[in-house]
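Residue-level structure breakdown
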Amino acid sequence: MTGAAVIFDLDGTLIDSLPAIHAAALAVLAGLGLPPVSLPQVRSFVGRGVPHFLRQVLLASGEAPDGPLLAPLERSFLTTYATEPEGNTPYPGVAEALAALAGQGCRLAVCTNKPLHPAEAALRHVGLLERFETVVAGDSLPTRKPDPAMLHAAHERLGGGPMLYVGDSEIDAETALAARAPFLLYTGGYRTTPVADLPHHAAFGDFALLPGIVASFGA
């Protein structure tokens, strides 16, 4: 689909951010005297934005999810994660796929539940930020994915036209369905549901395939 608006999820789609998120969580928990969480726990908590993530972290630490520790934990986590982006790594072939899509005339955006500052810091760290015309983040609008408003906002910022959404998770599949956008599922991310049980229009595990999949829409 030449000239399409191709919108990407971030964590688990463009980048593997679990090591960075885990490291930031360990640092802030230690600073508050709370027990650590494991990498598998962190993996199960991500996807619905920082407030949800930190509530799950507090629950895992034996603390009240909406208690007095939530606000200082959030402040500390956001500062740590935005200023220490090491541990964020792009998935193999992402940079090449984005270049190829741009060469096909596609307009590119990111739509993530991560807040804007750490999202842009992560993208900048892995050398991908300049590839995107816009980033719609978890603090850009009053709602977050799976509410489709974020996806619609990214689409509008790209100038409208045909839209495709690329993501890795159950939340992304739900968002695409709510937005009535074709969903391209990256199978190497953080989903826990079998591929066959997630609604999608195409699935891929190798980013080298993505430009061809995008080109096939509307062919």
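The structure reproduced in this document is the subject of the present report. (Residues numbered from 1 in each chain as written. Predicted model: local features only at pLDDT ≥ 70, side-chain atom pairs only at ≥ 80, totals over all residues. Heavy atoms only, no water.)

What the 6 strands build is an open sheet, ordered β5-β4-β1-β6-β7-β8; its pairing is parallel. Strands with a single pairing partner mark the edges of an open sheet, and in this sheet they are β5 (134-136) and β8 (202-204). Along the sheet, successive strands turn relative to each other by an average axial angle of 25 degrees, direction set aside. Pairing analysis gives 4 bridges linking strand β1 (residues 5-8) to strand β6 (residues 163-167), with the strands arranged parallel. From the neighbouring strand, Ala5 faces β6, where its bridge partner is Met163. Lying over the sheet, helix α7 (residues 149-157) contacts β1, β4 (107-111), β5 and β6, oriented at roughly 165 degrees with respect to β5. (Pairing = 2+ DSSP bridges. Helix = DSSP H or I, 4+ residues; strand = E, 2+ residues; numbered from the N terminus. Axes fitted to C-alpha atoms, helices over the stretch in contact; angles between N-to-C directions. Contact = heavy atoms within 4.5 Å.)

With that settled, consider the environment of Val6. By the element assignment, Val6 lies in strand β1. Val6 sits in the buried class, given a relative accessible area of 0%. Residues Val6 and Val166, 160 residues apart in the sequence, show an inter-C-alpha distance of 7.3 Å. Each residue touching Val6, except ones within four places of it in the same chain, is listed here: Leu101, Cys106, Arg107, Leu108, Ala109, Leu164, Val166 and Val214. (Buried < 20%, exposed > 50% of the residue type's maximum accessible area, 1.4 Å probe, protein only.)

Our next topic: the pairing of strand β7 (residues 183-186). Side chains of β7 alternate between two faces, with Phe183 and Leu185 and Leu184 and Tyr186 buried alike. One ladder, built from 3 bridges, connects β6 with β7; its direction is parallel. If you follow Gly167 over to β7, its bridge partner there is Leu185. Pairing of β7 with β8 involves 3 bridges; the strand directions are parallel. Among the inter-strand pairings, Leu184 is bridged to a residue of β8, identified as Ala202.

Next up on the list: the pattern of salt bridges. Tallying each qualifying case throughout the model produces 4 salt bridges. Salt-bridge contacts for Lys114 lead to Asp11; the nearest nitrogen and oxygen are separated by 3.1 Å. Placement of Lys114 in the loop between β4 and α6 (116-125) and of Asp11 in the loop between β1 and β2 (15-16) is noted, with a sequence separation of 103 residues between them. Judged on exposure class, the residue Lys114 and its partner Asp11 are both buried. A salt bridge links Lys145 to Asp172; its shortest N-O distance comes to 3.2 Å. Remark: Asp172 occurs in helix α8 (residues 170-179) and Lys145 occurs in the loop between β5 and α7; sequence separation between them is 27 residues. Grouping residues by exposure puts Lys145 and Asp172 together as buried. Among the ionic contacts, a cluster of salt bridges with common partners joins Asp9, Lys145 and Asp172. (Salt bridge = Lys/Arg side-chain N within 4 Å of Asp/Glu carboxyl O.)

Read these as spatial facts, not as claims about activity.
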